[in-house]
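Notes for the structure review
Listed here are the chains, written in short residue letters.
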Amino acid sequence: MLPCYIPTGKMGVRDAMVDKETMMFKMEKSNADQAREILTTIYQALKERGYNPINQIVGYILSGDPTYITNHKNARNMVRKLERDELLEEILKYYLESGRQEEKK
Amino acid sequence: MEKFVINGRRALNGDVYISGSKNAAVAVIPATILVDGECRIENVPDIGDVKILVDVLISMGAEVRFEDRNTLVINTRNINSHIVTYEMVKYLRASYYLIGALLGKFKQASVPFPGGCDFGHRPIDQHIKGFEALGAQVDIEHGIITAKARELKGCSIYLDIVSVGATINLMLAAVKAEGTTVIENAAKEPHVVDVANFLNAMGANIRGAGTDVIKIKGVDRLKGGATHTIIPDQIEAGTFMIASAAAGGCVTVKNIIPKHMESLTAKLTEMGIRVDEVEDSLRVWGNDKILKANIKTLPYPGFPTDLHPQMAALLCKAEGTSTITEGVWDSRFQYVDEIKRMGAIMKVEGRMAVIEGAVNLTGAPAKATDLRAGAALVIAGLIAKGTTQVHNVYYIDRGYEDMEIKFRQLGADIKRVRV
């Protein structure tokens, strides 16, 4: 979660433009950003501990068992911040969209 | 000989750190036999079964050193015998992992039948079926299991029953076999995954651990040279969660994988006990009012058989009549007669224990009949009025690191006394 401050009022952003009150507003990270952050962190942590990161992440996605993910760099806690289906969805989206862009080139 | 002396009825409060998994460690240590280079293993629990396995490896010619209390460095390159004697392993239930590891390394193994806790017939037939499918000839004579193969060839093995021991043993035997081995109807326990992680880190090619189909592509050698960290002990964590629920107070069980505790967490919640999850910890809030429950033990992800006796101790406090049906072992009810000494009202009908709740347990001398029965008596002692003596502490020491110290840090009045 990224905290940021924007002026707002009861009626929303448009109303906020004329409202001088300042309120804290938490902006949710998109699943895509979160998935990227999680995968990058756990990939690095697994690599540093001498495991094959791709095999371990595939094992986790298939089985759901966090045993596959090292505790190094808090990776095991981090991987559970997104459900497995959400992680897989973002991986597939990225893969397929990258493929489409490659085809266009 | 030692015993625990417990003065009960003191609430437990504070944090407890869970040690490495016994069930993973007793499989990972024999697995080092397959590795050509050095293996560094972290978070190894300092328990009786680990000490026995370390002694076995040393007596076979391995170099083993403790970097610290919980970090082992093992090099098995100098092991040149495939024979394990009865004296080496008579107290060890998990000795059969030595068969798979020695068979994988030398294409032959000679290992006595498993010892350790006695809570029922331990079917070894699924192990034998798998070894034979890989090409080994297996004989049992004079209490010794002998397996021998000219070569081990990958194959497809369907396990007739879900067996953790057979799943791990076949992974060990197949890891250097020629071709691909597929184990179907495999056990999904976290320590199956941990053993696969260890072997993969050392150079193996195992996929699918944690699911019911495991594929093992044989490799020529496991080069080693890696560090592996044993996962936290699911059963030790569960024991402290149950103890906390039983004794009252609020205990945070730290350094665990909450996912592995889901079956217990769900059951405690159903019984009216609050459990909060915070990253790698679970906080358990004791409650005077505990609801009755019906439990059936099953392979993972079902309710673990290794928490059955401890749960029975807790259910003595529940309102109403509860049942525990044992779905894994033939005979896991030896704790019943001992806990009845403390005033518990229980009876066993077939594979089901019927437990009358709302009973005020009273301290009494009792003896641990196996590892988890010992843990159940300690929990019963913590909630009983007066003094409880738990004998045969060596059973508890087989699988729990510093149990009495950890309970004392939570506020229990428990001490270890020489008999």
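The sections below set out a description of the structure shown in this document. (Residues numbered from 1 in each chain as written. Chains lettered and ligands numbered in written order. Predicted model: local features only at pLDDT ≥ 70, side-chain atom pairs only at ≥ 80, totals over all residues. Heavy atoms only, no water.)

Concerning the sheet that holds strand 10 (residues 180-184) of chain B
Residue and element names in this part refer to chain B. Here four strands make up an open sheet; going across it, the order is 9-10-12-11 and the pairing mixed. Edge positions in the open sheet fall to strand 9 (156-158) and strand 11 (205-207), since each of these has one partner strand only. Neighbour to neighbour, the strand axes of the sheet diverge by 15 degrees on average, direction disregarded. Sheet topology places strand 9 next to strand 10; three bridges connect them, and they run parallel. Looking across to strand 10, one finds that Tyr 158 is bridged to Glu 184. (Pairing = 2+ DSSP bridges. Helix = DSSP H or I, 4+ residues; strand = E, 2+ residues; numbered from the N terminus. Axes fitted to C-alpha atoms, helices over the stretch in contact; angles between N-to-C directions.)

Examining the interface of chain A and chain B
Contacts between the two partners involve 17 residues from chain A and, on the opposite side, 25 residues from chain B. Regarding the contact of chain A and chain B, the summed buried area is about 1,700 Å², with carbon and sulfur atoms giving 41% of it. When the buried surface of chain A facing chain B is broken down by residue, A:Arg49, A:Tyr51 and A:Thr67 rank first, second and third, together holding 30% of it. Here chain A is connected to chain B by two salt bridges. Close ionic contact of B:Glu42 with A:Arg49 constitutes a salt bridge, the shortest N to O distance being 2.6 Å. (Contact = heavy atoms within 4.5 Å. Buried area = accessible area lost by both parts, 1.4 Å probe. Salt bridge = Lys/Arg side-chain N within 4 Å of Asp/Glu carboxyl O.)

Some details on the sheet that holds strand 6 (residues 108-112) of chain B
All names here are of chain B. Taken together, three strands build an open sheet; the order of strands is 6-8-7 and the sheet is antiparallel. Every other strand in the sheet has two partners, leaving strand 6 and strand 7 (137-141) as the edge strands with one partner each. Ignoring strand direction, the axes of neighbouring strands in this sheet form an average angle of 15 degrees. Two strands pair when backbone bridges link them, and strand 6 and strand 8 (residues 144-148) are joined in this way by five bridges, in the antiparallel orientation.

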